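Descriptive structure summary
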Amino acid sequence: MRQIDFSEKRALAAAEVIPFPVDRHLVFIRQTARILERRQGIAAERFWKTECRRLYGRLQVQGLAEAEIRAEIERFAAAVHGEMRRAAWAEWQRRYPDGDAA
């Protein structure tokens, strides 16, 4: 077993952790979108705020700076809303396969 000398320990301590981008966590995004689709009004707003706060805390623990956290949350929000639009469009196409909503 090789020993790490002091200079290597300092290099390891200064290593930067790069978290996986939140807007790429497809399961998390889809689960969040499905829950938001089922809730309305205050319940939906409460759920959304809770999820964003949890995400904020998780990213803070991972050591991200305030600006990075806010950017990640914005990307997450865009991904969730995009998933909701995609699901709504897929449902519309399923209901009206010929494109005729009348």
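Residues numbered from 1 in each chain as written. Predicted model: local features only at pLDDT ≥ 70, side-chain atom pairs only at ≥ 80, totals over all residues. Heavy atoms only, no water.

Side note on the pattern of salt bridges
The cut-off we apply is this: Think of a salt bridge as a Lys or Arg side-chain nitrogen and an Asp or Glu carboxyl oxygen that are within 4 Å of each other. Only protein chains enter the accessibility calculation, which uses a 1.4 Å probe; a residue is then buried when its area is under 20% of its type maximum, exposed when over 50%, and partly exposed in between.
A complete count under the given rule lists 11 salt bridges for this structure. Linking Arg24 and Asp23 is a salt bridge whose minimum nitrogen-to-oxygen distance equals 3.8 Å. What makes Arg24 exposed here is its relative accessible area of 55%. Relative accessible area serves as the criterion here: at 17%, Asp23 is assigned to the buried category. Three or more residues are tied together by salt bridges with common partners; here these are Arg30, Arg34, Glu37, Glu83 and Arg86.

Looking at the side chain of Asp23
Applied cut-off: Helix numbers and strand numbers start at the N terminus; a helix is a DSSP run of H or I with at least 4 residues, a strand a run of E with at least 2. Contact definition: two residues touch when any of their heavy atoms are within 4.5 Å.
Within the secondary structure, Asp23 sits in the loop between α1 (6–13) and α2 (26–38). Residue contacts for Asp23: discarding those within four places in its chain leaves Ile29, Glu72, Arg75, Phe76 and Ala79.

Honestly, that's just the spatial picture; any functional story needs more than this.
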